[in-house]
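Secondary and tertiary structure notes
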Amino acid sequence: MLAGAGLTLWRGTTRLFEALSFVLPSGAALLIEGPNGAGKTTLLRVIAGLTMPESGSITWRGSALTKQLQAGRLRLVFSGHALGLKSELSTRENLRFFARLAGLPARVSEILEAAGLSGCADLDVRLLSAGQKRRAALARVLLSDADLWLLDEPQTHLDTAGRQYLEEAIQGHLGRGGTVVVAAHQPLNFGSAAVTRLMLGDA
Amino acid sequence: MPVNSGTEATAGTAAEAETDSEAPALGLLALFWVVFERDLRVGLRRWTDASNSALFFVLVVTLFPLALSPRAEVLRTIAPGVLWIAALLATLLSLHLLFRADLEDGTLEQLLTLPYPLGWMLLAKTSAHWIITGIPLVVMAPILAITYHLPANALGVLTFSLLLGTPTLSLLGSIGAALTAGLRGAGVLLAFIVAPLMLPVLILGARATDLALAGADPTGPLYLLSALLVLAVSLVPVVAAGAIRVSAD
Amino acid sequence: MWTWFYRLASPPHFYFLAGKLSSWLLIPAIILVVIGTWGGLVLAPPDYQQGDAFRIIYVHVPSAYLSMMVYVTMALAGAIGLIWRIKLAHAVAASCAPIGASFTFAALVTGAVWGKPMWGTYWEWDPRLTSELILLFLYFGYMGLRGAFEDINQADRASAILAIAGVVNVPIIHFSVIWWASLHQGPTLSKLEVPSISGDMLWPLLTMILAFTLFFLGILAMRVRGEVLEREFQARWAQDVLRGASPMSAN
C-alpha cells in the first residue's frame, strides 16, 4: 500500500504542490493529471525516490519507501520520458540486462513476442520507430516483475494496438494485486480496478 | 546465492512482519559483472568516442618536441612529465562518456531505483570506462616514450606507473563527472574541479619514472601510487553515488 | 539546549542574531588589527637574518591560516547541510567561498611580495605557495560548480560533496607537493621560513591571527544574512525586512 503525506515541492520560485497527500491500496491505480508543467513528472519522481521533496514522505506499507526498496521488500519500476534503454544495444540485449538484474530466467523472448517486437528484437534501439521504442520500454516494465509501477505518459507514440497492449498490461498487473501510478493527460482504461485521480496545477 | 555484504539488512531483521521480504536477486560479484559487461559492450560500440581521448594523447605528446626541441637530451628529461600530463589530459577529456549519456537516456535513473548499492554499480561502470579509455593510454605510452628516447628501464616504470595511476585518475574523475553530469557544456568546469584532486597521482607517477631514468629506485612512489589506488577504490564510489543522486534530481 | 540549536537554524532568527553579532565581531577585529599592526611593524625588532622583510608574515601567515580554516569551515557546513538537511548550513558554506578565496589570494600576493627580497623573484615554486595556489583552484572550482546549477538545492548538495572531497584531498595534495618540492630543491631555493620566533615577534602574530579570524566571522555573518534573505525572499519575514516593516537590528 502506497501512501504520500504532506508532500511539498518547489521548482525555482514556483510551488508545484504543497501538503499533498494520498493513499493507494494494492490492486488500485493512481492517475496523476494536470496540464503541462503542473508537476506530474516531478511527483512521479518523488514517489520513485529520484527527486527529494522539501517536506513530506512516501511510504510503502507504513515504512519509508526508499528503505523498503533497499531492504528488498519492494520492487518498483520507473518508466519516464526517457526510455531507460541504451540506444547502441538491441532491444534483446537491453531486456536481457534488466532480466539479469532482476535475477529472472530469461523470459526475454516471450516478452518480446507479447510486445510485438520479435521482428526487430535484434536491431539497435536507435533504429526503432518511436512507437517501437515505447513498446520496448513497456516490455522492460513487464520484465521487471515489480510490485509498483510508476509510468510517466506511457501512451506517447503508441498506436491503437500499442495502447491496447499497454492497457491490458496495466489491468493484468492490477488484477494480480500490483499497484500502478500513472501520470497522463490522456484517458486510460484501467478496467475494473479502483482508480484515484489526482489533479495537479489547480490554483 | 545472494551475498548480504554491502546491501542493507534484507531478511535479517526478524522484527519485520513482512512476509514478502526477499534478498536482492544478485550477489555483489554477479551484479558487478552484469553492469560492467553492459557498459563495456556499449563503450565498445561507441569506440570512436573513446578513441578521441587516445588520439588526443598522441597529439599532445607530438606537440612538445615541435614546440620545444627534438634533441634527445631535452626530450629524455621532459618525457616522464609530458607523458603523464598527456595521460591526465586525455583522461579528463574522456570523462564525459561516463555518465552524461546515461543521464540523458534514462538508464542512470534505472540504477537508482534498484535495491543494489549504487556505489558498487558505479565502480563497475568506472572500471568498464577505464578498460576502454585508460588501457589504450597504458599501451601507447611506452611506444610514444621511445620517440622521446626514454631508456628501457624507465619505459617499464612509466608503463607500470600509468597502469597503477590511470584507474585512480578515472575514479577521481568520476566524482567530477557525476557532479557535472546534468550540466550543459560543463567540460572545462569538470576539468577544473577534478585536476587538483589528480595532482598527487601526477606527481608520484612522473617522479617514479624520473627516478628510474636517473638509475635510482622507483619503488617508493610506486607503492604510494598503489596506496592511492586502493584508497580511491574504497572511498570514491560512495562519494560518486551521492553526487549521482544530486545530478539525477 | 536543542531548542536553541533549532532556533539558530531557522533563517529569520539567524538573520536577526547575525545582525547583532557582526558588530560584536568586527569592532574588536579592527581594534586587534590596529594593535597587531603596531606591534608587528613598529614594536617588534628586525630579524637578524631577514631584516625588516619578515614583517610581511603579519599579513601573510594569518591570510594563509584563514584560507585553510575557511575551507574546512565551508566543507563542514556543507556536510552539516547534507547530513541533517539544514538549509542554513548550505547558506553558510556558500558565503564562505568568496571570503576564503580572497584570503587565499591575499596569501599568494603577500607570499610573492615576501619572495622578492628573499629569492630575488616574485615567484618560486615553493611548496607552501604552490599549495596555496592549488587551494585557490579548489575555491574557484567550488564557486564554478555552484554557479553552474540552476536549482539552488542541487547547487548546495553538489558543492557540499565537492568541498568534502576537497577537504579529504587537501592533506594528500599538501604532502605530495612538499615531497615534490624537497626533491627539486636547489641551493638558491629557500623556503618561506617564519623566523625562529621570539616573544616580541610572536604576540603581534597571534593578535593578527585572532583579528583575522574575528574579521572572517563578522564578514561571514553579514554575508550569510544576505544569502539567507536572497534564498528566502518569498517568505513573510523576508518580505517584511525588505519592505523595512520590521525593525532591523543595529548594523
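One structure accompanies this document, and this report is about it. (Residues numbered from 1 in each chain as written. Chains lettered and ligands numbered in written order. Predicted model: local features only at pLDDT ≥ 70, side-chain atom pairs only at ≥ 80, totals over all residues.)

Along the backbone of chain A there are six helices and nine strands. By the compact-globule yardstick of 17 Å for 203 residues, chain A fits well, its C-alpha radius of gyration being 17 Å. Within chain A, residue pairs in contact and separated by at least 24 positions form 68% of the contacts whose partners lie at least 6 positions apart. (Helix = DSSP H or I, 4+ residues; strand = E, 2+ residues; numbered from the N terminus. Rg over C-alpha atoms; globule rule 2.2 N^0.38 Å. Contact = placed C-beta atoms within 7 Å.)

Residues and elements named next belong to chain A. Pairing within the open sheet is parallel, and its five strands lie in the order S6-S7-S8-S3-S9. Strands with a single pairing partner mark the edges of an open sheet, and in this sheet they are strand S6 (76-79) and strand S9 (195-199). Within the sheet, the average angular offset between the axes of one strand and its neighbour, ignoring direction, is 10°. (Pairing = 2+ DSSP bridges. Axes fitted to C-alpha atoms, helices over the stretch in contact; angles between N-to-C directions.)

Residue and element names in this part refer to chain A. With five of five residues buried, strand S7 (residues 148-152) is to be regarded as a mostly interior element. Burial along S7 is two-sided: Leu-148, Leu-150 and Asp-152 facing one way and Trp-149 and Leu-151 facing the other are all buried. Both S6 and S7 contribute to a ladder of four bridges, which runs parallel. Following the sheet pairing, Ser-79 is matched in S7 by Leu-151. Where the polypeptide runs from S7 across helix H6 (residues 160-175) and back to strand S8 (residues 179-183), its parallel neighbour, the crossover connection is right-handed. (Buried ≥ 20, exposed ≤ 12 C-beta atoms within 10 Å, placed from the backbone. Right-handed = clockwise from strand over helix to strand, strands pointing away.)

Moving on, we get to the environment of C:Ala94. All names here are of chain C. By secondary structure assignment, the location of Ala-94 is in helix H4 (residues 87-119). Taking the number of C-beta atoms within 10 Å as the measure of exposure, Ala-94 has 26 and is therefore buried. Separated by 130 residues in the primary sequence, Ala-94 and Val-224 place their C-alpha atoms 8.2 Å from one another.

With that settled, consider the environment of A:Val46. Residues and elements named next belong to chain A. By the secondary structure assignment, Val-46 is in helix H1 (residues 40-48). For Val-46, a count of 23 C-beta atoms within 10 Å gives the class buried. In this structure the C-alpha to C-alpha distance between Val-46 and Leu-9, which are 37 residues apart in sequence, comes to 9.2 Å. When neighbours within four sequence positions are excluded, Val-46 is seen to be in contact with Leu-7, Leu-9, Thr-51, Pro-53 and Ile-58.

All names here are of chain A. Given a rise of 1.5 Å per residue, 16 residues ought to cover 22 Å, and the 22 Å separating the end C-alpha atoms of H6 matches this to within 8%. Where H6 is concerned, the buried positions are Tyr-165, Leu-166, Ala-169, Ile-170, His-173 and Leu-174. Angularly, the buried residues of H6 cover 165° about the axis, an arc narrow enough to put them on a single face. Of the residues in H6, the exposed ones pointing more than 90 degrees away from the buried face are Thr-160, Ala-161, Gln-164, Gly-172 and Gly-175. (Expected span 1.5 Å × (residues − 1). Arc of directions from axis to C-beta.)

On the chain A side, the residues contacting the 29 residues of chain B number 27 residues. Within the residue set of the side of chain B that touches chain A, elements represented by two or more residues are helix H1 (28-45) and helix H5 (107-112) of chain B. If one sorts the elements of the side of chain B that touches chain A by residue count, H1(B) sits on top with five residues. Classifying every residue of the side of chain B that touches chain A by side-chain character gives 11 nonpolar, six polar and 12 charged. (Nonpolar A, V, L, I, M, F, W, Y, C, P; charged D, E, K, R; others polar.)

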